Amino acid sequence: MTNTKATHTTEQSEQAMVAGILEGSPEAVGVAVIRLDCGCRKMAAVDIHGDPASKIIMYRDQAESICDQCKADNGAFNRVVKQFISWKEPSPDFATQDMIVRKVLGE
Ligand SMILES: [Zn+2]
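Residues numbered from 1 in each chain as written. Predicted model: local features only at pLDDT ≥ 70, side-chain atom pairs only at ≥ 80, totals over all residues.

Colleague: Kindly report on the nonpolar core, identifying the contributing residues and their values.
Modeller: Counting residues in hydrophobic clusters, the biggest one holds 19 residues, and the most contacted among them are A28, V31, A32, M43, A45 and V46. Those elements that provide at least two residues to this core are helix 1 (10–24), strand 1 (30–36) and strand 2 (40–46). (Core = buried A, V, L, I, M, F, W, Y, C linked by C-beta atoms within 7 Å. Buried ≥ 20, exposed ≤ 12 C-beta atoms within 10 Å, placed from the backbone. Helix = DSSP H or I, 4+ residues; strand = E, 2+ residues; numbered from the N terminus.)

This is the structure:
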């Protein structure tokens, strides 16, 4: 990642959210990040067994609340544009990551 001095980007705020969730979830090995087509995000910490380690958090970058569509459908699955797990360092081994991804994201 290049370190531009650009303004606050969406990815930076996403990473800041991930860091905050990890800090509040000692059991977590990573945070599932789900990006929705409206620009809102859903996140939840996961533990080493692929179980939830925090509540699901929804937020919208630089907004006080999530959008109306998300309020209505709670971030429906068919609006997901990208989902991945942002691992805490040191990240689990590959087999464990794979197990967690399958369990959490169903891939
Ligand atoms: Zn939304």
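Colleague: So what's going on with the sheet that holds strand 2? Residues and values would help.
Modeller: Read across the open sheet, the four strands follow the order 3-2-1-4; overall the sheet is antiparallel. In this open sheet, the two edge strands, each paired with only one partner strand, are strand 3 (57–60) and strand 4 (80–87). Strand-to-strand twist of the sheet, defined as the mean angle between neighbouring strand axes without regard to direction, takes the value 20 degrees. Two strands pair when backbone bridges link them, and strand 1 and strand 2 are joined in this way by six bridges, in the antiparallel orientation. The residue of strand 2 that forms the bridge with A32 is A44. Helix 1 contacts strand 1, strand 2, strand 3 and strand 4 of the sheet and is inclined by roughly 30 degrees relative to strand 2. (Pairing = 2+ DSSP bridges. Axes fitted to C-alpha atoms, helices over the stretch in contact; angles between N-to-C directions. Contact = placed C-beta atoms within 7 Å.)

Colleague: Go over the pairing of strand 1 with me, naming the residues and quoting the values.
Modeller: When you tally the buried positions in strand 1, you get six out of seven residues, the bulk of the element. Linking two consecutive strands that pair antiparallel, namely strand 1 and strand 2, is a turn of three residues; a positive phi of about 100 degrees is found at G39 within it. Inspection of the sheet shows strand 1 paired to strand 4 by seven bridges, in the antiparallel sense. Within strand 4, the position partnered with V31 by the bridge is S86.

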